[in-house]
Amino acid sequence: MFILFLVVSLISSINATSIVSHSQSYPLSQPAVHGPKTRMTIGNGVIAPDGLKRPATLVDGIFPGPLIAAQKGDHFDIEVVNDLTDDSMFRVTSVHWHGIFQNGTNYADGTSFVTQCPVTPNHSFLHSFSAQNQAGTFWYHSHYSVQYCDGLRGPLVIYDPEDPLAYMYDVDDASTVITIADWYHTVAPALRGTIAVAQSILINGLGRYDGGPESDLAVINVEQGKRYRLRLVQMSCDSNVIFSIDGHDLYVIEADGVLTEPLLVDQLQIFAAQRYSVVLVANQPVDNYWVRGVPNSDKTYNGSAILRYKGAPKVDPITVDTPPTNPLQETDLHTLINPGAPGIHEYGKADINLNLEVTVTGFKFYVNNVTFQPPSVPVLLQILSGARDPSQLLPLGSVYVLEANKVVELTMVISGPGGPHPIHLHGHTFDVVQSAGSSAFNYANPVRRDVVNSGSTGQQMVIRWVTDNSGPWILHCHIDWHLEAGLAVVMAESPSDTSAHVNPVPYEWDRLCPIYYNGI
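Below is a short write-up of the structure.

## Describing the overall build of the chain
Then comes step 1: Looking only at helices and strands, the chain features four helices and 32 strands.
Then comes step 2: Viewed in the frame of its principal axes, the chain has a C-alpha envelope of about 65 × 55 × 45 Å.
Then comes step 3: Expressed as a percentage of its 520 residues, the buried residues of the chain come to 59%.
Then comes step 4: In the structure as shown, the chain presents an accessible area of about 19100 Å², 51% of it carried by carbon and sulfur atoms.
Then comes step 5: On the chain, the mean spot of the 27 positive side-chain charges and the mean spot of the 49 negative ones are 3 Å from each other.

## Quick notes on the layout of surface pockets
Then comes step 1: In this structure, the largest pocket occupies an estimated 880 Å³ of space.
Then comes step 2: Breaking the lining of the largest pocket down by element, the ones donating at least two residues are strand 9 (136–142), strand 10 (153–159), strand 14 (227–234), strand 17 (258–265), strand 27 (430–434) and strand 30 (460–466).
Then comes step 3: Looking at the lining of the largest pocket element by element, the count peaks at three residues for strand 30.
Then comes step 4: Of the residues belonging to the lining of the largest pocket, the class tally is 16 nonpolar, 14 polar and twelve charged.
Then comes step 5: Taken as a whole, the second largest pocket encloses approximately 710 Å³ of empty space.
Then comes step 6: Forming the walls of the second largest pocket are 31 residues, and the residues nearest its centre are Ile195, Ala196, Asp238, Gly418 and His482.

## Quick word on the environment of Pro313
Then comes step 1: Relative to the elements of secondary structure, Pro313 occurs in the loop between strand 21 (303–309) and strand 22 (352–361).
Then comes step 2: Owing to a relative accessible area of 48%, Pro313 belongs among the partly exposed residues under this scheme.
Then comes step 3: Sequence-wise, Pro313 and Val286 are 27 residues apart; in three dimensions their C-alpha atoms are separated by 9.3 Å.

## What about the state of the cysteines?
Then comes step 1: Tallied over the entire structure, the rule returns two disulfides.
Then comes step 2: In this model Cys117 forms its disulfide with Cys513; the gap between the sulfur atoms is 2.1 Å. Linking Cys117 and Cys513, the disulfide has an S-S dihedral of approximately 90° and is accordingly described as right-handed. Placement of Cys117 in the loop between strand 7 (95–98) and strand 8 (124–130) and of Cys513 in helix 4 (residues 507–518) is noted, with a sequence separation of 396 residues between them.
Then comes step 3: The side chain of Cys149 participates in a disulfide bridge whose partner is Cys237; the two sulfur atoms lie 2.2 Å from each other.

## Quick word on the pattern of salt bridges
Then comes step 1: Applying the stated criterion across every chain yields a total of 22 salt bridges.
Then comes step 2: Here Lys226 ties to Glu223 by a salt bridge, and the two come within 3.6 Å at their closest N and O atoms.
Then comes step 3: A salt bridge links Asp321 to Arg292; its shortest N-O distance comes to 3.9 Å. Within this pair, whereas Asp321 is found in the loop between strand 21 and strand 22, its partner Arg292 is found in strand 20 (residues 288–295), the two being separated by 29 residues in sequence.
Then comes step 4: Among the residues examined, Asp321 registers a relative accessible area of 42% and is labelled partly exposed.

## As for the nonpolar core
Then comes step 1: Leu268, Leu410, Trp481 and Met491 are the most contacted members of the largest nonpolar core, which has 94 residues in total.
Then comes step 2: No other element matches strand 11 (residues 177–183), which puts five residues into this core.
Then comes step 3: Residues within four places of Leu410 in sequence aside, it is in contact with Leu354, Leu356, Met461, Val462, Ile463, Trp465, Leu475 and Met491.
Then comes step 4: With 30 residues, the next largest nonpolar core counts Val59, Ala131, Ala135 and Leu156 among its residues.

## Focus on unusual backbone geometry
Then comes step 1: In the segment running from Leu394 into Pro395, the intervening peptide bond is cis, with an omega of 0°.
Then comes step 2: For Pro395, the location among the structural elements is in the loop between helix 1 (379–384) and strand 24 (399–402).
Then comes step 3: Cis geometry is adopted by the peptide bond preceding Pro420, which originates at Gly419 and carries an omega value of 0°.
Then comes step 4: Not every positive phi belongs to a glycine, and Asn122 is a case in point at roughly 70°.
Then comes step 5: Take Asn122: it is sitting in the loop between strand 7 and strand 8.
Then comes step 6: With a relative accessible area of 66%, Asn122 lands in the exposed category.
Then comes step 7: In this structure, Asn338 takes a positive phi of about 50° despite not being glycine.

## Structural notes on helix 4
Then comes step 1: Helix length check: helix 4 (twelve residues) gives 17 Å between terminal C-alpha atoms against 16 Å at 1.5 Å per residue, within 8%.
Then comes step 2: Residue Gly519 follows helix 4 closely and has a positive phi angle near 70°.

## Considerations on the sheet that holds strand 6 (residues 75–82)
Then comes step 1: Within the open sheet, the four strands sit side by side as 4-3-6-8. Their pairing is mixed. Strand pairing shows two members of the sheet lacking a second neighbour, strand 4 (54–59) and strand 8, which therefore form its edges. When strand polarity is set aside, the average angle formed by the axes of neighbouring strands in this sheet is 20°.
Then comes step 2: In this sheet, strand 8 lies alongside strand 6 in antiparallel orientation, the contact comprising seven bridges. By the bridge assignment, Val81 is partnered in strand 8 with Ser124.

## Digging into the packing of aromatic side chains
Then comes step 1: Inspection of the entire model under this criterion finds 13 aromatic pairs.
Then comes step 2: Between the aromatic rings of Trp97 and Phe129, the centroid separation amounts to 5.9 Å while the plane-to-plane angle is 35°, which identifies the pairing as tilted. Of the two residues, Trp97 is situated in strand 7 and Phe129 in strand 8; the sequence distance between them amounts to 32 residues.
Then comes step 3: Look at Trp97 and you get buried, because its relative accessible area is 0%.
Then comes step 4: Given the relative accessible area of 0%, Phe129 is considered buried.
Then comes step 5: Ring centres 5.5 Å apart and planes at 55° place the aromatic pair Tyr289 and Tyr309 in the tilted group. Here Tyr309 lies in strand 21 and Tyr289 lies in strand 20, a separation of 20 residues in the sequence.

Rules behind the numbers
- Residues numbered from 1 in each chain as written.
- Predicted model: local features only at pLDDT ≥ 70, side-chain atom pairs only at ≥ 80, totals over all residues.
- Heavy atoms only, no water.
- Helix = DSSP H or I, 4+ residues; strand = E, 2+ residues; numbered from the N terminus.
- Buried < 20%, exposed > 50% of the residue type's maximum accessible area, 1.4 Å probe, protein only.
- Areas by Shrake-Rupley, 256 points an atom, 1.4 Å probe, with all protein chains shown as cover.
- Lys, Arg positive; Asp, Glu negative; His and termini not counted.
- Charge placed at Lys NZ, Arg CZ, Asp CG, Glu CD.
- 1 Å grid on protein atoms, 1.4 Å probe; cavity = no way out; pocket = protein on both sides within 12 Å on 5 of 7 lines; lining within 4 Å.
- Points joined across faces, edges and corners; volume = space filled by probe spheres on them.
- Nonpolar A, V, L, I, M, F, W, Y, C, P; charged D, E, K, R; others polar.
- Disulfide = S-S within 2.5 Å.
- Salt bridge = Lys/Arg side-chain N within 4 Å of Asp/Glu carboxyl O.
- Core = buried A, V, L, I, M, F, W, Y, C linked by side-chain atoms within 4.5 Å.
- Contact = heavy atoms within 4.5 Å.
- Expected span 1.5 Å × (residues − 1).
- Pairing = 2+ DSSP bridges.
- Axes fitted to C-alpha atoms, helices over the stretch in contact; angles between N-to-C directions.
- Phe/Tyr/Trp six-rings, centres within 6.5 Å; stacked < 30°, edge-to-face > 60°.

Put into structure tokens, the structure is as follows:
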């Protein structure tokens, strides 16, 4: 076992995000920051991010969890320690590093019953991995049942000292990481099998709910004349959110860890698990401006934060929300570096063409008539034990075996209620050659990302990627309630190569399942 050390950086910049009382002006805690070699303790605590106290599942006792900050090329050694004690919520856990490819380290992906058995109380697991050539805005969250809805979620950023778009901004640090999350007043296990509706939207961990107190809101401090790279991390369990800042345009420069050609917008619809970097130019009069996160459900209270210019009084803004004139359209996003989908640029002409139809019956979702039920033996362990064929791999009908180094084109068609569904593929980014709600195909320069809106009833989306990362990778709806209800499949890439590709598997990983099932 590695000797891990905790790197805690105290952010002291005058531009640092601070939390200010609604009625007073005293600063609360600065954002916690960990380095790439650290320990994360998963435990329980009582918090009131929107003014209502409730038990939660937390990383190091805080929500959101601490920012994990690294430099491009860093190696990660993150020990996840399970200190959970509250039986009203889940007491086992696993943590997924969302957007990290885990090429050669599938066992570190953190997906319960796909790449590992969960970590039990009073045990830990060391995630040791590299993020080769990756930089950008990512996040981490529980990947056990609907546990992350109870609070186990936080941002992860890999900074690139040679960012080709660095000329566009002056400030990019912990103070400009902006988390957006829906929040529930009921513990997540009790909401399974229901139509769960969040009470509030939290921005940087703070918000308000209908009928609740005027509790503290997050304050984002800026200085007139400076340019800020805001890293927007949408950590909701369900809600998609329309994000805007009164009086300010935003330049989109990144989607899900992939740089884009700069695109000027005044509003972004951000689906669960998506991330965007936007450049905000602080070119307005010194004042306070509302930061808005409006959810898709009118039963969920709008998210609010305050953009405060240096020199402005410490009061709530009085700015007005105006209709957008330039909202983000996904089809307007174009990848900056090496654009273009792989393979022949014609629909249906990939090496492997998959068609997935999503249907719903009652509270269960089905993909090609099969609802995903987590297997008792993780898919990776099945493969390492010799299973290769779809007829051998559990859950039957939910595992798609793909040959190595092939271009895959996946078409997803939505039938029935529950949409729009944000779809995430582990282990890869993909090119979105057809966006939901659009009839156009773009193979030349589509956006490349890892979460895409697959739309609602009657719509379809089409994505492409290359099977260059042997191992089982789950593809699922990132509405956590829908994943729990079966909206998932596993893409098992070249199972015959997996044993060599992930060699050596850590001894600690081998021990997870015996401990989980037998307590030994």
